[in-house]
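Notes for the structure review
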Amino acid sequence: MVGYDPRAEGPVLSTTEIAAAGSVAGMVTRAMISPLDLIKIRFQLQIEQLSVKNPRAKYHGIWQGCRCIFTEEGLPAFWKGHLPAQLLYVTFGAVQFVSFEMLTEFVHTSTPYDSRNAAVHFVCGGLAACTASLACQPLDTLRTRFAAQGEPKVYRNLRHAVATMYRTEGPLTFYRGLTPTAIAIFPSAGLQFYFYNIFKQVYLWAFPADPDTKGNIRNLVSGSCAGVLSKTITYPFDLFKKRLQVGGFEQARTAFGQVCSYRGVLDCIVKIGQDEGARGYFKGLSPSLLKAAVSTGFTLFCYEFFCNTLLSLKESTETGD
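Here the structure is a predicted model, which is why all the values come from computation and not from measurement.

Structural notes on the overall build of the chain
Looking only at helices and strands, one finds 9 helices and 0 strands in the chain. Here the chain has a C-alpha radius of gyration of 21 Å; the compact-globule value for 321 residues is 20 Å, and the two agree. If you line up the chain on its principal axes, its C-alpha atoms span 65 × 40 × 40 Å. In the chain, which comprises 321 residues, the share counted as buried stands at 51%. For the chain, the share of sequence-separated contacts (at least 6 apart) that also reach a separation of at least 24 residues comes to 80%. Looking at the chain as shown, the accessible area adds up to about 15,200 Å², and 64% of this sits on carbon and sulfur atoms. In the chain, 31 side chains carry a positive charge and 24 a negative one; their mean positions are 12 Å apart.

This is the structure:
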């Protein structure tokens with residue numbers, strides 16, 4: 001189970017083991033969703049309307065976007081920024097799940113609230129994600145820059161990107177978009193854990209035959225539904241973050257169409273509304289929802305799977321002794 005479970009009997013996972021399970025879950029998931037993530041970012045950064053009726057729009061649909069990227073940049077383009085993104089997911093997964101397990105245990109042992117309650121999972125999930133986001137924001141900015149650049153490349157590799165950004169834009173550039181991230185990540189991650197808790201209960205109510213099994217299918221389905229719902233509710237803030245993260249990076253964006261600079265979050269919100277209309281706040285939503293379904297579903301599924309595997313190994317070791 002994700003979160004502290006006071007009913008659990010037998011061996012308990014250490015902080016290191018929880019971090020390892022979270023890291024592996026993030027690593028496996030990231031390798032699967034990289035193409036969807038790149039398409040989502042390209043859509044989010046496009047100023048022009050995502051429509052075939054707009055002749056200035058470089059991208060106007062998922063399949064058209066895939067063909068365009070493949071034709072112009074080749075198959076490896078779908079994994080642009082994979083190294084910083086992989087580091088991001090590995091680190092984020094470790095910090096988030098360790099924080100979540102510690103917070104839910106603290107709530108259960110130090111407050112009158114039940115750690116298995118969905119509302120507790122919402123608060124603890126949001127706080128855990130805020131902690132992970134603060135630790136991983138530089139990697140997220142690097143991931144976005146790599147995914148945003150076309151050909152010829154501005155950054156040759158990760159080391160060159162870090163050195164160039166630090167020299168030309170200063171150390172604070174690695175924290176561009178932190179404000180909308182902080183605003184969005186708490187409800188987004190909180191809702192993921194909240195809905196995951198709810199959907200697992202609904203699944204057990206609908207299919208009560210095997211309540212004591214590991215429930216791999218249940219975890220995957222519940223995680224996917226939770227990811228889609230939470231992403232839909234909080235999506236505009238993810239778009240604001242991506243727009244702000246490529247500030248100062250306009251020279252690499254000219255091949256993709258119109259570019260725009262923003263002075264901050266409020267300026268970004270206002271300009272998008274004026275220039276692109278209400279639909280502009282939801283550019284890239286389709287690939288984002290596909291990504292959210294796969295990402296959240298497999299992250300939670302893999303985390304529970306690896307935790308259960310580690311617990312089974314510890315039980316067998318203790319039994320053998």
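Considering the nonpolar core
Formed by 24 residues in total, the largest nonpolar core has its most connected members in V2, I18, F97, F100, F193, L300 and Y303. Elements with a contribution of two residues or more to this core: α1 (15-45), α3 (82-110), α4 (118-148), α6 (178-206) and α9 (285-320). In this structure, F193 is in contact with V2, Q96, F97, F100, H121, G125 and L300, ignoring residues within four places of it in sequence. Counting residues in hydrophobic clusters, the runner-up holds 14 residues, among them I39, Y59, I69 and A147.

Considerations on the environment of Q192
Residue position: Q192 is located in helix α6. Given a relative accessible area of 22%, Q192 falls into the partly exposed group. Distance from Q192 to S224, taken between C-alpha atoms, is 9.3 Å for residues 32 residues apart in sequence. Discounting residues that sit within four places of it in the chain, Q192 has contacts with A226, S230 and T296.

Regarding the packing of aromatic side chains
All told, the structure shown has 14 aromatic pairs when counted by the stated rule. Geometrically, the ring pair formed by Y194 and F195 is edge-to-face, given 5.4 Å between the ring centres and 70° between the ring planes. The class for Y194 is partly exposed, based on a relative accessible area of 30%. An aromatic cluster of at least three residues, connected via ring pairs, comprises F97, F100, F193 and Y303.

A closer look at helix α5 (residues 158-169)
In an α-helix, one full turn covers 3.6 residues, which means residues spaced three or four apart are oriented alike. An ideal rise of 1.5 Å per residue puts 16 Å on 12 residues; α5 measures up with 16 Å between its terminal C-alpha atoms. Of all the positions in α5, only L158, H160, A161, T164 and M165 are classed as buried. Buried residues along α5 cover an arc of 155° about the axis, so they all sit on one side. Projecting away from the buried face of α5 at angles above 90 degrees are the exposed residues R159 and R167. Looking at the buried residues of α5, the elements they touch are α3 and α4. For α5, the N-terminal cap is N157; the gap from its side-chain oxygen to the backbone nitrogen of R159 is 3.3 Å. G170 occupies a position one or two residues after α5 and carries a positive phi of about 90°.

So, a nonpolar patch on the surface
A surface patch of nonpolar side chains, amounting to about 230 Å² of accessible area, comprises M27, V28 and M32. On the secondary structure map, M27 appears in helix α1. Take M27: its relative accessible area is 39%, and that puts it in the partly exposed class.

Thresholds, definitions, all that
- Residues numbered from 1 in each chain as written.
- Predicted model: local features only at pLDDT ≥ 70, side-chain atom pairs only at ≥ 80, totals over all residues.
- Heavy atoms only, no water.
- Helix = DSSP H or I, 4+ residues; strand = E, 2+ residues; numbered from the N terminus.
- Rg over C-alpha atoms; globule rule 2.2 N^0.38 Å.
- Buried < 20%, exposed > 50% of the residue type's maximum accessible area, 1.4 Å probe, protein only.
- Contact = heavy atoms within 4.5 Å.
- Areas by Shrake-Rupley, 256 points an atom, 1.4 Å probe, with all protein chains shown as cover.
- Lys, Arg positive; Asp, Glu negative; His and termini not counted.
- Charge placed at Lys NZ, Arg CZ, Asp CG, Glu CD.
- Core = buried A, V, L, I, M, F, W, Y, C linked by side-chain atoms within 4.5 Å.
- Phe/Tyr/Trp six-rings, centres within 6.5 Å; stacked < 30°, edge-to-face > 60°.
- Expected span 1.5 Å × (residues − 1).
- Arc of directions from axis to C-beta.
- Polar contact = N/O pair within 3.5 Å; in protein donor to acceptor, adjacent residues only side chain to side chain.
- Patch = residues over 30% accessible without salt bridge, like charges linked within 9 Å, V, L, I, M, F, W, Y side chains within 5 Å.
- Salt bridge = Lys/Arg side-chain N within 4 Å of Asp/Glu carboxyl O.

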